[in-house]
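In case you want the letters, here they are:
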Amino acid sequence: DKKALALLKGQESRTIDGKRVELAGNIGTPDDVEGLIKNDAEGVGLYRTEFLYMNNDEFPSEEIQYEAYKKVLEGMDGKPVVIRTLDIGGDKKLSYFEMDEEMNPFLGYRAIRLCLDKTDIFRTQLRALYRASVYGKLRIMFPMISSLEELLAAKEMCQKVKDELKAEAIAYSEDVELGMMIEIPSAAVISDILAKHVDFFSIGTNDLIQYTCAVDRMNQKISYLYNQFNPAVLRLIKLVIKNAHQEGKWVGMCGEAAGDQKMIPILLGFGLDEFSMSPISILRARRLINSVTEADMKKLSDEVLVLGTAKEIEAYMDKFIESK
Ligand code: PEP
Ligand code: MG
């Protein structure tokens, strides 16, 4: 099986009827790029920069961040790289940064909310990102956007940083794509509006499931309610992709669901353009994608959406995968 999968290296990821998709990888540190290359990733779909902050005794300097981002961009050799701005809070804490106790940390002061409040932290990261942008194909992504106001404020910071760099005669790329995660239901619901202001969306199912179903993703006691086949979650995903495509924008997914063999056919049917997953899942995903038609997957996803429970949907997908 390993040998058969290895034969898929260097091939495109494309359905039989010609829908080309991008199979990218999720990384936590620049050293992870090696594993991505080995598994023939077509890009980085999510670089979780919070580890750069968590594995440090103080906020990483602009220089330290610049070196890390540059390393990833150079390592990917011109392939697209989505770097997500700082996503701490929730369950992710920094030893050197005091945060208030919160009743509901997952609903609290985290990610873009924190960055738009502590603008010096955000500005330093954006400066490092834009400075590194000349070394590859950078896509900047904002986490936990819940409203248009936040998106516009984050974009304004990007513009400010670019103006600053220009005034200092420091080089940056003008082709950096700006996107946001869709991981909060309020963002999914207004994705038609948000799509006008971004270059791309990436759906974060890990959090989208948690917030849509009101199920703490860390709580084992209710984990039976946490399910990517939840019909409400699937409907939101379909809506987001439709809304983005209507504005001519592409949509990726970087939550765990993107690498799941039983999810991929449904996502193909919805028209997902980019799948970002742990590197070891990439070649298996390519084999599946290259063996089906988008037209059939559209029909499959329509049939799935009629079903009322996650259990039925998963059973349907089990059968489909067995039949292959
Ligand atoms: C997600 O929420 O799906 C996601 C990719 O982000 P994280 O798992 O880092 O919260
Ligand atoms: Mg998330």
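Scroll up to find the structure this text is about.
As the structure is a prediction and not an experimental result, all values here were calculated from the model.

A. Seen up close, the coordination of the magnesium ion (ligand 2). Of the protein atoms, only Glu183 (OE) and Asp207 (OD) coordinate the magnesium ion (ligand 2), at distances of 2.0 to 2.1 Å. Residue Glu183 is found in the loop between strand E5 (177-182) and helix H8 (185-189), and its partner Asp207 is found in helix H10 (residues 205-213); the two are separated by 24 residues along the sequence. Asp207 shares its class with Glu183; the two are buried.

B. Summary view of the pairing of strand E7 (residues 250-253). Burial along E7 is two-sided: the residues Trp250 and Gly252 and Val251 and Met253 are all buried. When strand E6 (residues 200-203) meets E7, the two strands line up parallel, connected through four bridges. Among the inter-strand pairings, Phe201 is bridged to a residue of E7, identified as Val251. Where E7 meets strand E8 (residues 274-277), two bridges bridge the pair, whose relative direction is parallel. Bridge pairing in E8 links Met253 to Phe275. Crossover connection from E7 via helix H12 (residues 264-270) to parallel E8: handedness right-handed.

C. Molecular detail of the packing of helix H4 (residues 62-75) against helix H6 (residues 119-132). Two elements in contact, H4 and H6, have axes whose closest approach is 8 Å; the angle formed by their N-to-C orientations is 40°. By the criterion of interaxial angle, the relationship of H4 to H6 is oblique. Regarding H4 and H6, the two cross each other, and that crossing is right-handed. Contact with H4, carried on its side by Glu62, Glu63, Gln65, Tyr66, Tyr69, Lys70 and Leu73, involves Thr124, Gln125, Arg127, Ala128, Leu129, Arg131 and Ala132 of H6 and no other residues of that element. By residue class, the composition of the contact of H4 with H6 is six nonpolar, three polar and five charged.

D. Local environment of the packing of aromatic side chains. Tallying each qualifying case throughout the model produces eight aromatic pairs. Each ring, one from Phe59 and one from Phe97, has its centre 5.5 Å from the other, and the planes form 70°; the classification is edge-to-face. Note that Phe59 is positioned in the loop between helix H3 (50-54) and H4 and Phe97 in the loop between strand E3 (80-84) and helix H5 (111-117), a separation of 38 residues in sequence. Overall, Phe59 belongs to the partly exposed group, its relative accessible area being 28%. Its relative accessible area of 15% is what places Phe97 among the buried residues. On the basis of an interplanar angle of 70° and a centroid distance of 6.2 Å, the ring pair of Phe122 and Phe142 is categorised as edge-to-face. Of this pair, Phe122 sits in helix H6 while Phe142 sits in strand E4 (residues 137-142), and the two are 20 residues apart along the sequence. Judged by relative accessible area, Phe142 falls into the buried class, the value being 0%. Counting every residue linked through ring pairs, the aromatic cluster contains Tyr53, Phe59, Tyr96 and Phe97. Seen from the ring of Tyr135, Lys70 lies directly overhead, with NZ or CZ sitting 4.8 Å from the centre. The residue whose ring lies beneath Arg131 is Tyr66, and the NZ or CZ to ring-centre distance is 4.1 Å.

Parameters and conventions
Residues numbered from 1 in each chain as written. Chains lettered and ligands numbered in written order. Predicted model: local features only at pLDDT ≥ 70, side-chain atom pairs only at ≥ 80, totals over all residues. Heavy atoms only, no water. Donors = N, O, S within 2.8 Å, 3.2 Å for Na, K, Ca; no water. Helix = DSSP H or I, 4+ residues; strand = E, 2+ residues; numbered from the N terminus. Buried < 20%, exposed > 50% of the residue type's maximum accessible area, 1.4 Å probe, protein only. Pairing = 2+ DSSP bridges. Right-handed = clockwise from strand over helix to strand, strands pointing away. Axes fitted to C-alpha atoms, helices over the stretch in contact; angles between N-to-C directions. Parallel < 35°, antiparallel > 145°, perpendicular 65-115°, else oblique. Left-handed = near helix turned anticlockwise from the far one by under 90°. Contact = heavy atoms within 4.5 Å. Nonpolar A, V, L, I, M, F, W, Y, C, P; charged D, E, K, R; others polar. Phe/Tyr/Trp six-rings, centres within 6.5 Å; stacked < 30°, edge-to-face > 60°. Lys NZ or Arg CZ within 6 Å of the ring centre and 35° of its normal.

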